[in-house]
Amino acid sequence: MNRGPVSRSLAKKRNDPSLAQTRVAIDNADSNSPAADKNTVPEPTDNVQIRPGPFDPWQLTQQFQESRLTSGEFGATASFVGTMRDFNENDDVQAMTLEHYPGMTESQLQAIIDDAQQQWPLLQSLIVHRVGDITPGDPIVLVVCWSAHRAAAFDACRFLMEALKSRAPFWKKETLTDNSQRWVEKNTDGHSPAAN
Amino acid sequence: MTVKVKFFASMRETLNQSELDIDSSQASTVADVWQIAAGDLPMPENTVCAVNQTHAGLTHPVADGDEVAFFPPVTGG
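These remarks concern the structure in this document. (Residues numbered from 1 in each chain as written. Chains lettered and ligands numbered in written order. Predicted model: local features only at pLDDT ≥ 70, side-chain atom pairs only at ≥ 80, totals over all residues. Heavy atoms only, no water.)

Our focus in this paragraph is the interface of chain A and chain B. Taken together, the contact between chain A and chain B spans 27 residues of the former and 19 residues of the latter. Interface area lost by chain A to chain B is led by Y101, M104 and W171 of chain A, which between them contribute 38%. For the salt bridge of R12 of chain B with E99 of chain A, the shortest nitrogen-to-oxygen distance reads 2.4 Å. Elements represented by at least two residues in the side of chain A that touches chain B include exactly strand 4 (91-100), helix 4 (104-119), strand 7 (139-147), helix 5 (150-167) and strand 8 (170-176) of chain A. Broken down by element, the side of chain A that touches chain B gets its largest block of residues, 5 residues, from helix 5 of chain A. Across the side of chain A that touches chain B, the residue classes tally to 13 nonpolar, 7 polar and 7 charged. (Contact = heavy atoms within 4.5 Å. Buried area = accessible area lost by both parts, 1.4 Å probe. Salt bridge = Lys/Arg side-chain N within 4 Å of Asp/Glu carboxyl O. Helix = DSSP H or I, 4+ residues; strand = E, 2+ residues; numbered from the N terminus. Nonpolar A, V, L, I, M, F, W, Y, C, P; charged D, E, K, R; others polar.)

Quick look at the structure:
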């Protein structure tokens with residue numbers, strides 16, 4: 001196997017200034033937000049993770065899977081990633097702040113996972129949600145379900161996402177391109193008719 | 001004898017406070033807590049209430065040491 005390009009790619013990543021900036025953003029979030037108390041930063045093995053800094057959904061999925069599941073036991077993995085758009089209701093959006101209710105958020109998300117486990121034969125579920133200041137392109141939410149067969153993984157993933165949307169205490173405040181701010185008042189419908 | 005009251009998001013901004021303690025001897029339900037904590041402001045129609053971090057209705061009883069929260073419909077995800 002030719003490892004040359006991989007090594008070069010890793011070396012490039014280590015020197016990439018945009019990654020250094022990400023690190024700074026995490027540090028800022030840690031120091032400015034009470035919700036970002038270092039004690040509250042979750043472990044990558046937690047089923048429910050409220051994250052005050054940027055996260056990589058694919059990396060977190062892999063970390064969780066490697067630590068909490070055994071290779072060969074699962075036959076289906078379904079995941080959903082919600083990402084911040086740069087538009088909403090016909091307006092351009094430049095930034096957003098995600099507020100939450102520390103404590104209740106975690107307990108509601110755990111209750112949603114418990115509900116899903118009552119309804120489907122799941123091996124594991126993971127919910128990650130961002131809080132604090134974010135910009136377009138940032139992942140907001142990650143939901144992953146592991147099961148033996150695809151039906152449970154697909155259906156439970158959808159259930160967790162819709163239940164999170166209606167039950168977990170998070171609120172979005174948008175900053176438009178003219179710097180005005182507004183609270184998002186309601187979620188869009190998560191169910192749409194299939195395209196013809 | 002206190003109840004801790006919390007407001008979130010637009011409700012926190014409208015009331016200009018995120019948290020306060022009230023005398024629980026004056027409050028027997030969630031609706032009483034709102035009246036004491038929010039003063040003259042009528043409760044917005046779509047307000048969501050929680051007692052000890054669990055969703056609760058306006059007639060839910062409150063007791064000394066409880067945490068009661070009021071917030072608008074949630075918009076996460």
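Residues and elements named next belong to chain B. In space, the 5 strands of this open sheet follow the order 2-1-5-3-4, with mixed pairing throughout. Each end of this open sheet is capped by a strand with a single partner; those strands are strand 2 (19-23) and strand 4 (54-55). Judged from the 2 bridges that link them, strand 3 (residues 48-51) and strand 4 form a sheet pairing that is antiparallel. When the sheet's bridge partners are listed, A50 is paired in strand 4 with H55. (Pairing = 2+ DSSP bridges.)

Quick look at unusual backbone geometry now. In this structure, N90 of chain A takes a positive phi of about 70 degrees despite not being glycine. A positive phi angle is found at Q53 of chain B, which is not glycine, with a value near 65 degrees. Considering the arrangement of structural elements, one finds Q53 of chain B in the loop between strand 3 and strand 4.

For the rest of this paragraph, the subject is the sheet that holds strand 7 of chain A. Residues and elements named next belong to chain A. The mixed open sheet is built from 4 strands, whose spatial order is 1-5-7-2. Because the sheet does not close on itself, it has two edges, and the strands there are strand 1 (48-51) and strand 2 (76-83). Strand after strand, the sheet turns through a mean of 10 degrees between neighbouring axes, direction not considered. The strands that helix 4 touches are strand 1 and strand 5 (122-130); relative to strand 1, the one it contacts most, it runs at about 150 degrees. Packed onto the sheet, helix 5 meets strand 2, strand 5 and strand 7 and runs at close to 150 degrees relative to strand 7. (Axes fitted to C-alpha atoms, helices over the stretch in contact; angles between N-to-C directions.)

The next subject is the packing of helix 4 of chain A against helix 5 of chain A. Residues and elements named next belong to chain A. Running from N to C, helix 4 and helix 5 cross one another at 145 degrees; their axes reach a closest spacing of 10 Å. As for how helix 4 packs across helix 5, the hand of that crossing is right-handed. In contact with Q108, L109, A111, I112, I113, D115, A116 and Q119 of helix 4, helix 5 contributes F159, L160, A163, L164 and R167. Of the residues belonging to the contact of helix 4 with helix 5, the class tally is 9 nonpolar, 2 polar and 2 charged. (Left-handed = near helix turned anticlockwise from the far one by under 90°.)

All names here are of chain A. The residue C157 is located in helix 5 in this model. A relative accessible area of 6% means that C157 is categorised as buried. Sequence spacing of C157 and I127 is 30 residues, and the spatial spacing of their C-alpha atoms is 9.7 Å. If near-sequence neighbours (up to four positions away) are discounted, C157 is found in contact with A78, S79, F80, V143, C145 and A152. (Buried < 20%, exposed > 50% of the residue type's maximum accessible area, 1.4 Å probe, protein only.)

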